[in-house]
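Observations on the three-dimensional arrangement
Each chain, letter by letter, is given below.
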Amino acid sequence: MCGIVGFTGKHEAQDILLAGLARLEYRGYDSAGIAFFKDNGDHISMRKTAGKVKDLAAICDEENNSTCGIGHTRWATHGGVTNANAHPHRVGSVVLIHNGIIENYHELVSEYGLQKDLVSETDTEVAAALFNKMYNGDPIETIKKTVPLFVGSFAFCIMFKSHPGEIYAVRNVSPMVAAFTEKDGAFIASDLTAFVDYSKDYFIVPEYHILRMTQDRIELTDLEGKEVKPEYLKVDWDVSAAEKEGYDHFMIKEIHEQPNAIIRTIGGRIHGDLPDFKDDGVSDDFFEGVRDITIIACGTAMYAGMVGRTFIQNKFGIPVNVAIASEFRYERPVITDETMVIVISQSGETIDSLEALRLARKYTKKTLAIVNVKGSSIARESDAVLYTHAGPEIAVASTKAYSVQVAMMYLIGCKLGLVSGRTTEAEMKEFMADLKKVPDIIKSMLTIESKVDKLTSRMTNAEHAFYIGRELDYTLSMEGALKLKEISYIHAEAYAAGELKHGTIALIDEGVPVIAIASQSDVYSKVISNIREVKARGAYVILISKDAKITDESVCDVHLQIPKVRDELAVFASVVICQMIAYYTSIGKGLNPDQPRNLAKSVTVE
Ligand code: M6R
């Protein structure tokens, strides 16, 4: 939540900051602002406004010769969406931007008498006031003294009056990456998409370390003042991955990227036709002695985990529990040292998942992260990590991340099945051969995009929608319903098809959309009966199935056929349809699917 960017170097800062903020807008888009050393002197100027980055650009001067500045795009936590609450915040000699939450801001206000300094309702301004109170002319000493007083999560970029050309940064939990190039100067941001045009090498700012950036160098020290050498990483995706490349929205671009994303996830992890994670540094020993599994995640990642659970439990008989990360943290964990804990997260920074992982590590040494963003906190803090290599996912609504997470769960399940002797190499070789066909399965679904677009005209006026299915299709339904909710604002629920008649069917009325998924052979006829039950009560039924012979109007209004693949793989086809239904319904309602209201991509607040 919130995107921050900073630059000091050999170019005009404003253009770099505005372009960086536009790339970070997925992290928050209710207000935006920049601050810079005016004419490179020691006066700091600010521009900020409620609204999007384009609204900020409209109030910026066309020419701005400053080569040092910071910028912020906000997702409101403390205080409404107003100009005053937008970042940067200035108190006395200090101007700063912040991502995170200062939990003890009330206490700090009274303890340090800061009330007179405050004009906004934000916790961030309290932090600015405290830095200012502690400021003795030496930024590093000030940060060292002030940072231990904060309780909460933070990534701060700070500029101090009388220190033109310098940016200071410090963080706890909230992500921040930085880079320096001789040619351009020093960059810092919540995420490297903000400056990837300038540098493919970057480092993660370590927690509780102070970064000092000038146009000639970057200096990193710990809170004791000891110099620390940054550990540089290399971006493994191309700049174009962070652009729309001709698509109207990132979401539809990312839907189309799924075949290649799956190839990158499973390619290199199937050796001798069997799953293999040795290239990831995860040997078979790690999978030995696993008695049960707990999957921890949030949102879409959790729904991918649910598909994984049904797959692993049904195919290999290994008990799997799926925990909502934010709940797991406050429940009594039923895990032992024989439990494998799998934390799934696209960003690797979701605070609830990260804290749940930290708790799980007290009980087991078998924590495994499935993460997309290289070097992220969840990846670094797990005992083992498997990167999904999907490339940057920018749209708030997760699409390609889900498919690669499911594919990874299948690989992990098969590995566990083999290591525990619950399956045979022959069976797994057949399964792997079919798994390799998933990119083509997805490609074939992308060819019915215009058909899906047309049918969503019946969805745009709906107030409610239902997704139903059994077994894997039920777990998939939850993801389908979440996609529709978050970008079209239609209330959508997923139900196990057999459960409807125990109450929910009372909600089915004339024209209510029901997306019915019927790909699982052993329950196919039962799902069809359940569908007839809702159809008979007036539902508008969109059926997703492999059955080429459906013509019966008593079953559905629209039939979207998926390829005749093995049941476990049908989820990859059906999810693409669900993603497209959500996308085109959102478009049909005149909404921006990339920036749904109230949401942000990376949820780094509790
Ligand atoms: O980065 P993560 O995978 O940990 O994020 C988890 C959820 O916040 C995320 O999947 C969210 O539910 C998406 N907006 C769903 O599209």
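What counts, and at which threshold
- Residues numbered from 1 in each chain as written.
- Predicted model: local features only at pLDDT ≥ 70, side-chain atom pairs only at ≥ 80, totals over all residues.
- Heavy atoms only, no water.
- Helix = DSSP H or I, 4+ residues; strand = E, 2+ residues; numbered from the N terminus.
- Rg over C-alpha atoms; globule rule 2.2 N^0.38 Å.
- Buried < 20%, exposed > 50% of the residue type's maximum accessible area, 1.4 Å probe, protein only.
- Contact = heavy atoms within 4.5 Å.
- Areas by Shrake-Rupley, 256 points an atom, 1.4 Å probe, with all protein chains shown as cover.
- Lys, Arg positive; Asp, Glu negative; His and termini not counted.
- Charge placed at Lys NZ, Arg CZ, Asp CG, Glu CD.
- Core = buried A, V, L, I, M, F, W, Y, C linked by side-chain atoms within 4.5 Å.
- Pairing = 2+ DSSP bridges.
- Axes fitted to C-alpha atoms, helices over the stretch in contact; angles between N-to-C directions.
- Near = heavy atom within 4 Å.
- Polar contact = N/O pair within 3.5 Å; in protein donor to acceptor, adjacent residues only side chain to side chain.
- Domains from an automatic or database assignment.
- Phe/Tyr/Trp six-rings, centres within 6.5 Å; stacked < 30°, edge-to-face > 60°.
- Lys NZ or Arg CZ within 6 Å of the ring centre and 35° of its normal.
- Parallel < 35°, antiparallel > 145°, perpendicular 65-115°, else oblique.
- Left-handed = near helix turned anticlockwise from the far one by under 90°.
- Nonpolar A, V, L, I, M, F, W, Y, C, P; charged D, E, K, R; others polar.

Points about the overall build of the protein
Summing up its helical and strand segments, the protein has 18 helices and 26 strands in all. Here the C-alpha radius of gyration of the protein, 25 Å, is about what a compact globule of 606 residues would show, namely 25 Å. When the backbone C-alpha atoms are referred to their principal axes, the protein occupies close to 75 × 55 × 45 Å. Considering the protein as a whole, with its 606 residues, one finds that 63% of them fall into the buried category. Contacts in the protein between residues at least 24 apart in sequence constitute 72% of all its contacts with a sequence separation of at least 6. Total accessible area on the protein stands at roughly 22,400 Å², and carbon and sulfur atoms take up 48% of it. Of the side-chain charges in the protein, 65 are positive and 83 negative, and the distance between the mean point of each set is 2 Å.

A few points about the nonpolar core
Membership of the largest hydrophobic core comes to 129 residues, with the highest contact counts inside it found for Ile293, Ile342, Tyr410, Ile412 and Phe572. The element that contributes the greatest number of residues to this core is helix α18 (residues 570-588), accounting for 13 residues. Not counting residues within four places of it along the chain, the set of residues in contact with Ile342 comprises Ile293, Thr294, Ile295, Ile296, Leu368, Ile370, Met409 and Ile412. Grouped together as the second largest cluster of nonpolar side chains are 27 residues, Val94, Phe154, Phe160 and Tyr168 included.

Observations regarding the sheet that holds strand β11 (residues 201-204)
Strand order in the open sheet formed by 8 strands is β3-β2-β4-β1-β10-β9-β11-β14, with antiparallel pairing between adjacent strands. Both edges of this open sheet fall to β3 (44-50) and β14 (232-234), since each of them pairs with a single strand only. Along the sheet, successive strands turn relative to each other by an average axial angle of 20°, direction set aside. In this sheet, strand β10 (residues 185-189) lies alongside strand β1 (residues 3-9) in antiparallel orientation, the contact comprising 5 bridges. Looking across to β10, one finds that Phe7 is bridged to Phe187. Against the sheet, helix α1 (residues 13-24) makes contact with β1, β2 (31-37), β4 (68-74) and β10, and its axis sits at roughly 155° relative to β1, the strand it touches most.

Focus: the site of the ligand
Taken together, 15 residues surround the ligand, and among them Ser345, Gln346, Ser347, Thr350 and Glu486 come closest. One of the side-chain N or O atoms of Ser347 is found 2.7 Å from an oxygen atom in the ligand. In the environment of the ligand, a nitrogen atom lies 3.0 Å from a nitrogen or oxygen atom belonging to the backbone of Val396. Protein coverage of the free-state accessible area of the ligand, which is 410 Å², stands at 91%.

Description of the domain arrangement of the protein
Taken domain by domain, the protein holds domain 1 (3-235), domain 2 (240-436) and domain 3 (445-597). Distance between the C-alpha centres of domain 1 and domain 3: 44 Å.

Here's the deal with the packing of aromatic side chains
Applying the stated criterion to the full structure yields 21 aromatic pairs. Ring plane angle 35° and centroid distance 5.4 Å describe the contact between Phe311 and Phe431, whose orientation is recorded as tilted. Here the residue Phe311 occupies a position in helix α8 (residues 299-316), and Phe431 occupies one in helix α13 (residues 425-435), the gap between them amounting to 120 residues. Owing to a relative accessible area of 3%, Phe311 belongs among the buried residues under this scheme. Owing to a relative accessible area of 0%, Phe431 belongs among the buried residues under this scheme. Pairing Tyr410 with Phe572 gives two aromatic rings, centres 5.8 Å apart and planes at 85°, and the pair type is edge-to-face. In this pair, Tyr410 is assigned in helix α12 (residues 400-419) and Phe572 in helix α18, connecting sequence segments 162 residues apart. Assigned by exposure class, Tyr410 and Phe572 land together as buried. Pairwise contacts between aromatic rings join Phe131, Phe150, Phe154, Phe156 and Tyr208 into one cluster. Here the basic side chain of Lys366 rests over the ring of Phe286, its NZ or CZ set 5.4 Å away from the ring centre. If you follow Arg458 out to its NZ or CZ, it ends over the ring of Tyr540, 4.1 Å from the centre.

Quick notes on the packing of α8 against helix α16 (residues 472-488)
Running from amino to carboxyl end, α8 crosses α16 at an angle of 170°, the nearest separation of the two axes being 8 Å. Taken as axis vectors, α8 and α16 run roughly antiparallel relative to one another. The residues of α16 that touch α8, namely those facing Gly299, Thr300, Tyr303, Met306, Val307, Thr310 and Phe311, are Leu472, Thr475, Leu476, Met478, Glu479, Leu482 and Lys483.

Some details on the environment of Gly3
For Gly3, the location among the structural elements is in strand β1. Between the C-alpha atoms of Gly3 and Ala32, which are 29 residues apart in sequence, the distance is 9.2 Å. Beyond its immediate stretch of four places on either side in the chain, Gly3 contacts Leu21, Leu24, Arg27, Gly71, His72, Thr73 and Ser190.

Some details on the packing of α12 against α18
Between α12 and α18, the shortest axis-to-axis distance is 11 Å and the interhelical angle comes to 165°. What the angle tells us is that α12 and α18 run roughly antiparallel. Pair α12 / α18 crosses with right-handed handedness. Counted together, Tyr402, Ser403, Val406, Ala407 and Tyr410 of α12 and Val571, Phe572, Val575 and Gln579 of α18 form the full contact between these two elements. Residue composition of the contact of α12 with α18, grouped by class: 7 nonpolar, 2 polar and no charged.

Quick look at the sheet that holds strand β22 (residues 464-469)
Pairing within the open sheet is parallel, and its 5 strands lie in the order β23-β22-β24-β25-β26. The open sheet has two edge strands with one neighbour each: β23 (491-496) and β26 (558-561). For this sheet, the mean angle separating the axes of adjacent strands, direction not counted, is 20°. Bridge count for strand β25 (residues 540-545) against β26 is 4 bridges, and the pairing is parallel. Looking across to β26, one finds that Ser545 is bridged to Gln561. In the packing of helix α17 (residues 524-535) onto the sheet, the strands contacted are β22, β24 (513-518) and β25, and the crossing angle to β25 comes to about 165°.

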